[in-house]
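Here's the letter readout for the chains.
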Amino acid sequence: MSMMIPSVALLTRTSMLATHQSFRMISSSSLPQNLNLKDIKFSRTDDGIAVISLDRPVARNAFSKSMAREFTSIVDFLRDDRESRVVVIESSVEKVFCAGADLKERLTMEEHEVGPFVEGLRRMFTGLEKLPMPTIAAVEGAALGGGLELAMCCDLRVAGSGALFGLPETSLAIIPGAGGTQRLPRLIGVARAKELIFTADRIVASRAEAIGLVNHAVPAGEATSKALEIARAIAKNGPVAVRMAKAAVSAGMQCDLATAMDVERGCYAQVITTKDRTEGLLAFREKRKPEYRGE
């Protein structure tokens, strides 16, 4: 635990301050034109909700090298984007969220190429997990292997009733390699996670909701609409406050309670001087909706 404390201290005193000071809602609503996307669609609503749509039907949204590069480029853009207040990840392909890694492409790789590719996926998913704004996975259909690992990197998960979750890697004589062995037990507990991983079993949306793997199980076809409903509820709140709340929870969960309280203190300090905090108090007094600008 002592190894975690310096990084947490650095987070609260340095990166938190930088996050607040650099956060301004820029005037342009245009998206970058240099992402060169083929297997992923990327858009943003007027109220600051960024939508990433996986769109590789030929391989059930399985991540190839090129698709992974596209996803990474979007994550890199969002990391410094100040217009996007919430990110929703969905699938444009019927009956599948993401089938994980492209195993057909994997068969063409030399043995020495496999490790670096999986490491790239691990870094990509960690980059998603560390985005400063909240992220929501809207899951319809199968989220297996890397597909589930992708969903687990999001802050919230919504599943349609036809969704299917699992980490089938042991049935292929490998193990989950993009964070599955670490994130799943943190979400549902060690014993349940071990059972799912050891057996390579698959579970439906209602079971996933019951064990805490997803926040909401909804009728089939309604996962994205529910995710957008949640996203709109988040986006109307103070952007700096939401980002600081995410940072406080995420960093605090990695350390002991006393250190976590210091994390919260550091995050709270970043919202005290914001114009949004003043706007919130004035709106409350004047009985009107606040107009937050991320300042």
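In the block above lies the structure referred to throughout.
All values derive from a computational prediction rather than experimental measurement. (Residues numbered from 1 in each chain as written. Predicted model: local features only at pLDDT ≥ 70, side-chain atom pairs only at ≥ 80, totals over all residues. Heavy atoms only, no water.)

A.B. asks: Before we move on, could you go through the sheet that holds strand E5 (residues 135-139) and cite the residues and values that matter?
C.D. replies: Read from one edge to the other, the open sheet built from six strands follows the order E1-E2-E3-E5-E7-E10, with strand pairing classed as mixed. Looking at which strands have only one partner, the edges of the open sheet turn out to be strand E1 (40-44) and strand E10 (216-218). The mean angle between the axes of side-by-side strands here comes to 20 degrees, regardless of whether they run parallel or antiparallel. In terms of strand pairing, strand E3 (residues 86-91) meets E5 through three bridges, oriented parallel. Looking at E5, one finds that Val88 is bridged to Ile136. (Pairing = 2+ DSSP bridges. Helix = DSSP H or I, 4+ residues; strand = E, 2+ residues; numbered from the N terminus. Axes fitted to C-alpha atoms, helices over the stretch in contact; angles between N-to-C directions.)

A.B. asks: Go over the sheet that holds strand E8 (residues 164-166) with me, naming the residues and quoting the values.
C.D. replies: If you trace the four strands from one edge of the open sheet to the other, you get E4-E6-E8-E9, paired in mixed fashion. Edge positions in the open sheet fall to strand E4 (96-98) and strand E9 (202-204), since each of these has one partner strand only. In this sheet, adjacent strand axes meet at a mean angle of 20 degrees when their direction is disregarded. With three bridges connecting them, strand E6 (residues 142-144) and E8 associate as parallel partners. Bridge pairing in E8 links Leu144 to Gly166.

A.B. asks: Please provide a residue-by-residue account of the pairing of strand E2 (residues 49-54), values included.
C.D. replies: Burial runs high along E2: six of the six residues are buried. Here E2 shows two buried faces, one formed by Ile49, Val51 and Ser53 and the other by Ala50, Ile52 and Leu54. As defined by bridge partners, E1 adjoins E2 across five bridges and the pair is classed as antiparallel. Residue pairing in the sheet places Phe42 in a bridge with Ile52 of E2. Counting the residues that bridge the hairpin from E1 to E2 gives four residues, and of these Gly48 lies at a positive phi of roughly 85 degrees. One ladder, built from six bridges, connects E2 with E3; its direction is parallel. Paired with Ile52 across the strands is Ile89, a residue of E3. Handedness of the crossover is the feature at issue here: the chain leaves E2, passes through helix H2 (residues 65-79), returns alongside E3, and the resulting connection is right-handed. (Buried < 20%, exposed > 50% of the residue type's maximum accessible area, 1.4 Å probe, protein only. Right-handed = clockwise from strand over helix to strand, strands pointing away.)

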